[in-house]
Amino acid sequence: MCVARVRIAWEIISVAAALKMVKTLVNDAKAGNPLYVTGNASSANATATNSVPSMFPAGSAPPLSPRSSSVSPRIMKQRTGLSSLGRPLKLLSETVKELIPQFYFQNGRPPPKELKERCLFRINQIFYGHTEGLQMNEFKVVTKEICKLPSFFSPILFQKIDVNAAGFVTRDAFVDYWVNDNLLTVDIATQIFTIMKQPDNMFLTQDDFKPLLRELLATHPGLEFLQSTPEFQERYAETVLYRIFYYINRAGNGQLTLRELKRGNLVAAMQHADEEEDINKVLRYFSYEHFYVIYCKFWELDTDHDFLIDKEDLIRYGNHALTYRIVDRIFLQVPRKFTSSVVGKMGYEDFVYFILAEEDKSSEPSLEYWLKCVDLDGNGVITRNEMQFFYEEQLHRMECMAQEPVVFEDILCQIIDMIKPEDESFVTIRDLKGSKLSGSVFNILFNLNKFMGFETRDPFLVRQERENPTLTEWDRFAHREYIMLSMEEDVEEASNGSAEVFDESLEAPF
């Protein structure tokens, strides 16, 4: 019993001494003093070949636990790799600084040396012999080969560098703007955004696109036929501009940000337009056929040709396809404020937004447009009562046309099956965007012609659409309408031609 108490007392004393030694070592480490650790060479239980270096002074090491009758496996593992006894361990007093490479550059990341040298070499080749610099008509090669931008950006880029309007751009001025300002290394969307925007703005407006579209109209071979009709050049440019902002400027505030530009497909469409000679193959934004369809549809409704249409004009759209209730919501400017300054009148830009929303209900801008129209209380969701309010007029129209009416309860079940909303008591914009049949739901509520067409759709046409999924609903609509409009024009020209021939024959002598 006494031996056990002595052992316990010895352990307590040894632990106290160890703690004191550790405290001394910590203080030395904080002060930056070298740390020297000596080994216990006089241990009676250790052999000369397997001695363990100790952190404690000679004779002060605590004994092994009395419960342990064998050597710990952890100690055996450590012994195999130990160096010579009594070797001093010196703690480095100098702080090791890890160099973190710079990852943020306010003016863009500088180009790598190799890339910069290649670019400067090509710049020197192009500017060789032009001591005063390049004029605007010579600058296109720089835009295409050095900047890798569409050729119709050439005048804008030229004027951006030629701030003094000297009429030429020198080699040093271009290097300062493109290479030294690090535009060389940023993505093409950022390059385009930087070139087009005004210096004090962090967004693009419609006016920023107008010089670009003027150059496109002046140089693109697919638009050369429009040069004899300046008024249609202007209408084409306006239509392209409205289409761009309809799809890309999702905030709808007329201020297109860099984030919106990167998220959209406008840059790819610009590159396609620059490479493709047939402008009608550039379906996104720039197709002339698409412009032709939009303009002709507007012109048909604008009977007095004052370039404004009222509520009664819009009712006639699509052979009276829309209900009065949905047209009322449009003219209340619920989905979008009109740009027209005339009360109760819709301008051409407003019509472009309408027809794109009406004929391409699979797109997100269209779903947002029509949800605002149907959402009577403006709480961001469509309820059963709101759907019933719009469907009532559809039901009445079916009865007037001697069509078999479909009661609203059946329609509601069909809509829920089509959308599969998270909460069946209402439909959110998230529910609509998650379903491929959302456009058909809106047709059920307020477009009778498309509703009936959906109920009696041709399986062959459905299979055709699936075979070419890259075409949108708008692409298919514009293609069909352009063919019909061009055929009507051909028939009209032929009838006029035959009348002229007949008149000549009457005047001919016998």
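The residue numbering used here restarts from 1 in each chain and proceeds along that chain's sequence as written. Where totals are concerned, whole chains, interfaces and linings use all residues; where local detail is concerned, this predicted model gives features only for residues with pLDDT of at least 70, and gives and counts side-chain atom pairs only at 80 or more. Side-chain descriptors were evaluated using all non-hydrogen atoms of the structure, hydrogens and water having been removed beforehand.

A look at the overall build of the chain
Secondary structure summary: the chain contains 24 helices and two strands in total. A burial count over the chain gives 38% of its 510 residues as buried. Any two residues having at least one pair of non-hydrogen atoms within 4.5 Å are treated as being in contact. Contacts in the chain between residues far apart in sequence, at least 24 positions, make up 62% of those at least 6 positions apart. When the accessible surface of the chain is summed, it comes to about 30900 Å², and 55% of that surface belongs to carbon and sulfur atoms. By the criteria applied, helices consist of DSSP H or I runs no shorter than four residues and strands consist of E runs no shorter than two, each listed in order from the N terminus. Relative accessible area decides the class of each residue, using a 1.4 Å probe on protein chains only: under 20% of the type maximum gives buried, over 50% gives exposed, and in between gives partly exposed. To be clear on the numbers: accessible area is Shrake-Rupley with a 1.4 Å probe, and residue cover counts the displayed protein chains and nothing else.

Some words on the environment of Asn 319
Tracing the chain through its elements places Asn 319 in helix 14 (residues 317-320). For the pair Asn 319 and Asn 449, spaced 130 residues apart in the sequence, the C-alpha separation amounts to 8.5 Å.

Points about the packing of helix 7 (residues 188-196) against helix 11 (residues 266-275)
To get an axis, a line is fitted to the C-alpha atoms, and for a helix only the part in contact is used. The angle between two axes follows their N-to-C directions and goes from 0 to 180 degrees. It is at 10 Å that the axes of helix 7 and helix 11 come closest, and there the two elements cross at 85°. Taken together, the axes of helix 7 and helix 11 are roughly perpendicular relative to one another. Facing helix 7, whose interface residues are Ile 188, Ala 189 and Ile 192, helix 11 presents Val 267, Met 270 and Gln 271. Nonpolar residues are Ala, Val, Leu, Ile, Met, Phe, Trp, Tyr, Cys and Pro. Charged residues are Asp, Glu, Lys and Arg, and all others, Gly as well, are polar. Split by residue class, the contact of helix 7 with helix 11 holds five nonpolar, one polar and no charged. Orientation labels follow simple angle bins: below 35 degrees gives roughly parallel, above 145 gives roughly antiparallel, 65 to 115 gives roughly perpendicular, and whatever is left gives oblique.

Some remarks on the state of the cysteines
Note on terminology: disulfide denotes any pair of cysteine sulfur atoms within 2.5 Å. Within this structure, the stated rule accounts for zero disulfides. Cys 147 carries a free sulfur, and the closest cysteine sulfur to it, the one in Cys 119, is 7.8 Å from it.

Focus: the confidence of the model for the chain
The pLDDT value tells you how sure the predictor is about a given residue, anywhere from 0 up to 100. Scored by pLDDT, the chain has a mean of 83; 77% of the residues are at 70 or more. Every residue in residues 39-56 scores below 50 in pLDDT, and together they form 26 contacts with partners more than four places removed in sequence or on other chains.

As for the packing of helix 18 (residues 384-400) against helix 19 (residues 408-419)
Where helix 18 meets helix 19, the axes come as close as 11 Å, and the angle between the chain directions of the two elements is 120°. With respect to each other, helix 18 and helix 19 are oriented oblique. The two elements helix 18 and helix 19 cross, and the hand of that crossing is right-handed. For the pair formed by helix 18 and helix 19, the contact residues are Arg 384, Met 387, Gln 388 and Tyr 391 on the first element and Phe 408, Glu 409, Ile 411, Leu 412 and Ile 415 on the second. Grouping the amino acids of the contact of helix 18 with helix 19 by side-chain chemistry returns six nonpolar, one polar and two charged. Take the far helix as your reference; a near helix turned counterclockwise from it by less than a right angle gives a left-handed crossing, and one turned clockwise gives a right-handed crossing.

Considering the packing of aromatic side chains
Stacked, tilted and edge-to-face pairs are distinguished by plane angle, under 30 degrees for stacked and over 60 for edge-to-face with tilted covering the rest, among Phe, Tyr and Trp rings (Trp via its six-membered ring) whose centres lie within 6.5 Å. Under the criterion given, the structure shown has 36 aromatic pairs. Consider the rings of Tyr 288 and Tyr 292, whose centres lie 6.4 Å apart with planes at 40°: the pair is tilted. Of this pair, Tyr 288 and Tyr 292 both sit in helix 12 (residues 288-301), four residues apart, which is roughly one turn of that helix. With respect to burial, Tyr 288 and Tyr 292 carry one shared label: buried. Sitting over the ring of Phe 389, Arg 325 keeps its end group 4.2 Å from the ring centre. Above the ring of Tyr 353, the side-chain terminus of Arg 336 is found at 3.7 Å from the ring centroid. Here, a charge over a ring means that NZ of Lys or CZ of Arg falls within 6 Å of the ring centre while also lying within 35 degrees of the ring normal.

Digging into helix 11
Along helix 11, the residues classified as buried are Leu 266, Val 267, Ala 269, Met 270, Ala 273 and Asp 274. Viewed end-on, helix 11 has its buried residues packed into an arc of 160°, placing them on one side of the element. Tucked into the core, helix 11 has its buried residues touching helix 4 (140-146), helix 7, helix 8 (206-219), helix 9 (230-248) and helix 10 (258-263). An arc is given here, and it is the one of the directions from the helix axis to the C-beta atoms.

Considerations on the side chain of Thr 323
By the secondary structure assignment, Thr 323 is in the loop between helix 14 and helix 15 (324-331). By relative accessible area, which is 0% here, Thr 323 ends up buried. Those residues in contact with Thr 323 that lie beyond four places of it in its chain are Ile 315, Glu 393, Gln 394, Arg 397 and Phe 446.

Some words on helix 16 (residues 348-359)
Along an α-helix, residues three or four positions apart point the same way, because every turn accommodates 3.6 residues. Helices are assigned an expected span. That span is 1.5 Å times one less than the residue count. In a regular helix each residue adds 1.5 Å, so 12 residues correspond to 16 Å; helix 16 covers 16 Å between its end C-alpha atoms and thus fits that length. Across the 12 residues that make up helix 16, a large majority, 12, are buried. Considered for burial, the residues of helix 16 that qualify are Tyr 348, Glu 349, Asp 350, Phe 351, Val 352, Tyr 353, Phe 354, Ile 355, Leu 356, Ala 357, Glu 358 and Glu 359.

Let's talk about the environment of Val 374
With respect to the secondary-structure elements, Val 374 resides in helix 17 (residues 364-374). With a relative accessible area of 0%, Val 374 lands in the buried category. A sequence separation of 12 residues divides Val 374 from Glu 386, and the C-alpha atoms of the two residues are 6.6 Å apart. Excluding its chain neighbours within four sequence positions, the residues that come into contact with Val 374 are Ile 326, Ile 382, Glu 386, Phe 390, Phe 442, Leu 445 and Phe 446.

Here's the deal with unusual backbone geometry
Notably, Ala 402 is not glycine yet its phi reads approximately 60°, a positive angle. Mapping Ala 402 onto the fold places it in the loop between helix 18 and helix 19. The phi dihedral of Lys 420 is positive, around 55°, even though this residue is not glycine. Tracing the backbone shows Lys 420 in the loop between helix 19 and strand 2 (426-428). Residue classification places Lys 420 among the exposed positions, given a relative accessible area of 64%.

Some remarks on the pattern of salt bridges
For side chains bearing opposite charge, pairing can occur when the charged atoms are close. Every case where a carboxyl oxygen of Asp or Glu lies within 4 Å of a side-chain nitrogen of Lys or Arg is listed as a salt bridge. Summed over all chains, the structure comprises 24 salt bridges. Here Lys 262 ties to Asp 187 by a salt bridge, and the two come within 3.6 Å at their closest N and O atoms. Remark: Asp 187 occurs in the loop between helix 6 (171-180) and helix 7 and Lys 262 occurs in helix 10; sequence separation between them is 75 residues. Accessibility expressed as a relative area gives 45% for Lys 262, which makes it partly exposed. For Asp 187, a relative accessible area of 35% gives the class partly exposed. With a closest N to O distance of 3.1 Å, Glu 368 and Lys 433 form a salt bridge. Pair noted here: Glu 368 is in helix 17 and Lys 433 is in helix 20 (residues 429-433), with a separation of 65 residues, a long-range link. Classification of Glu 368 as partly exposed rests on a relative accessible area of 24%. Here the salt bridges do not stand alone but share partners, grouping Arg 250, Glu 364, Glu 368 and Lys 433 into one network.

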